[in-house]
Amino acid sequence: MNNTIKTEVVVIGGGPAGYAAAFRCSDLGLKTIIVENYKKLGGVCLNVGCIPSKTLLNIAKIIKEHKFFLKKGVFNNNIEINLNNIINWKQDVVNKLTNGLNFLAKKRNIDIIHGMGFLETENCLNVINQNNLKILFKNAIIATGSQPIILPNLPYKDERIWNSTDALNLKQIPKKMMIIGSGIIGLEMATIYQSFGTKIDIIEISNTFLSEVDDDIIDIYKKNIKNKFNFIFGTEIISVDANKNLLQVQMTNDNHKSVFSKEYDVILVAIGRKPNSDFINKKFNKIFINNSGFINVDNQMRTNISNIYAVGDVVGYPMLAHKGIHEGHLAAEVISGKKHYFVPKIIPSIAYTHPEIAWIGITEKSAIKNNLNYKSSIFSWKALGRAVSSNAENGLTKLIIEKDSNRIIGGSIVGHNAGELLGEISLAIEMGCDIEDISLTIHAHPTFYESIGIAAEIYTGTATDIINTKNF
């Protein structure tokens, strides 16, 4: 068998950034190969991240709503959870999407080679698998993604110490769980397991969570999850004793002056992710990597080696699939000869909690910090017909407007399907919309996205769904 093959483009990694890059390369007429270490395309996002977590969050939402209506007497019987069938349902959803990716790759005549890829030269990739292939390429796109950050000094060999992948595998439904880290992953896992009946403590070394999000948005979220999670802020883990039936955790919240302990069935470590950049460069050792472990790229996703590109989590924050997908498209287009650049005005961020928290562009916090001449316009969902009728009235839509130009420069939403509502705000910012463009656009009634139109009307003084306080 010939252990050396040639291609125009090799994409190293088959996650969202990688497969998007490969598919776009193929569509542009470039012979393309994907090298993927795992059995299926889709990367962390599709297989053990975004998709399985949203599947479980959807089930958690149904459980939450059922409990509410049970208390109201609308429903008569409790939900009985069948854990095995939930696991099967989650896997069916993942399989449907991974099979779809394989179909798309096959239709595009993209070869998928399973194994670990290591750069040997500017034009050669070693693939370690049963055949130990060499791939000679004209261009390479590194899309190796990221992995969970490990907290030192924890007994990781113990099956009760989890990362997000373990949590999504639903190994068990613990009675008491500690989640270390209050970022998006930690909050989403807390949402899922609390709905299954787990008592949750969220431990955070800082004194807040989602610090980039405006306080009024966070306040609405806190009211919604009151008595559901127990946040323990400003706290550091000292040690974990795994030698007993329950994990005994020693903590301090006053810089080691005093120590307290609590017991848990499971500890989930969710303190962030780090780029998978080391191994790809280990033998080659010529690609510039910064002190945070991210591969340095320009605004065409090109590394310091002119024919090697990098996209997705491995190149920097925010570590989001939708950012990686766009970067993958752009790298493919640049390789094909197009003079395109990655210069987005905004990138949306969403915590798929209950309720969802979503933000894009300038927040009020960043406007104040950067001394911008701005004004915010806020609409509470208590006056939104669709929200009230959907048991979702504890929400809020907030727009940030640049005073000098009246352009929308940011938006934040907390509430049901907040992430879906960012679309209109995103387009408005990218297109440089005046706030009046939104207020004069007819929004369907009753809908959740109507809240964006009303928030705009509040700013222009034309809102009738609330008492109009604007001075004319």
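See the structure shown above.
Report follows, based on the coordinates. (Residues numbered from 1 in each chain as written. Predicted model: local features only at pLDDT ≥ 70, side-chain atom pairs only at ≥ 80, totals over all residues. Heavy atoms only, no water.)

Notes on the side chain of Thr 353
Phase 1 of the analysis: Mapped onto the elements, Thr 353 comes out in the loop between β18 (349-351) and β19 (356-361).
Phase 2 of the analysis: Residue classification places Thr 353 among the buried residues on the basis of a relative accessible area of 1%.
Phase 3 of the analysis: Here Thr 353 is in contact with Leu 187, Glu 188, Thr 191 and Tyr 221, once residues within four sequence places are set aside. (Helix = DSSP H or I, 4+ residues; strand = E, 2+ residues; numbered from the N terminus. Buried < 20%, exposed > 50% of the residue type's maximum accessible area, 1.4 Å probe, protein only. Contact = heavy atoms within 4.5 Å.)

Re helix α14 (residues 450-460)
Phase 1 of the analysis: Of all eleven residues in α14, nine are buried, a share of seventy percent or more.
Phase 2 of the analysis: Considered for burial, the residues of α14 that qualify are Glu 450, Ser 451, Ile 452, Gly 453, Ile 454, Ala 455, Ala 456, Tyr 459 and Thr 460.
Phase 3 of the analysis: Gly 461 occupies a position one or two residues after α14 and carries a positive phi of about 80 degrees.

As for the side chain of Ser 195
Phase 1 of the analysis: Tracing the sequence through the fold places Ser 195 in helix α6 (residues 184-195).
Phase 2 of the analysis: Only 2.6 Å separates the side chain of Ser 195 from the backbone oxygen of Ile 192, close enough to count as a polar contact. (Polar contact = N/O pair within 3.5 Å; in protein donor to acceptor, adjacent residues only side chain to side chain.)

Observations regarding the sheet that holds strand β10 (residues 199-203)
Phase 1 of the analysis: Reading across from one edge, β8-β15-β9-β10-β11 is the order of the five strands in this open sheet, with parallel pairing throughout. Both outer strands of the open sheet, β8 (161-162) and β11 (229-232), are each paired with one neighbouring strand and no more.
Phase 2 of the analysis: As paired strands, strand β9 (residues 176-180) and strand β15 (residues 266-269) are joined by four bridges and run parallel to one another. Across the sheet, the residue bridging to Met 177 is Val 266, located in β15.
Phase 3 of the analysis: Across the sheet, α6 touches β8, β9, β10, β11 and β15, and the angle it forms with β10 is around 170 degrees. (Pairing = 2+ DSSP bridges. Axes fitted to C-alpha atoms, helices over the stretch in contact; angles between N-to-C directions.)

Focus on a nonpolar patch on the surface
Phase 1 of the analysis: A surface patch of nonpolar side chains, about 240 Å² in accessible area, is lined by Ile 62, Ile 79 and Ile 81.
Phase 2 of the analysis: Within the secondary structure, Ile 81 is located in the loop between α3 (50-71) and α4 (83-107).
Phase 3 of the analysis: Since its relative accessible area comes to 40%, Ile 81 is described here as partly exposed. (Patch = residues over 30% accessible without salt bridge, like charges linked within 9 Å, V, L, I, M, F, W, Y side chains within 5 Å. Areas by Shrake-Rupley, 256 points an atom, 1.4 Å probe, with all protein chains shown as cover. Salt bridge = Lys/Arg side-chain N within 4 Å of Asp/Glu carboxyl O.)

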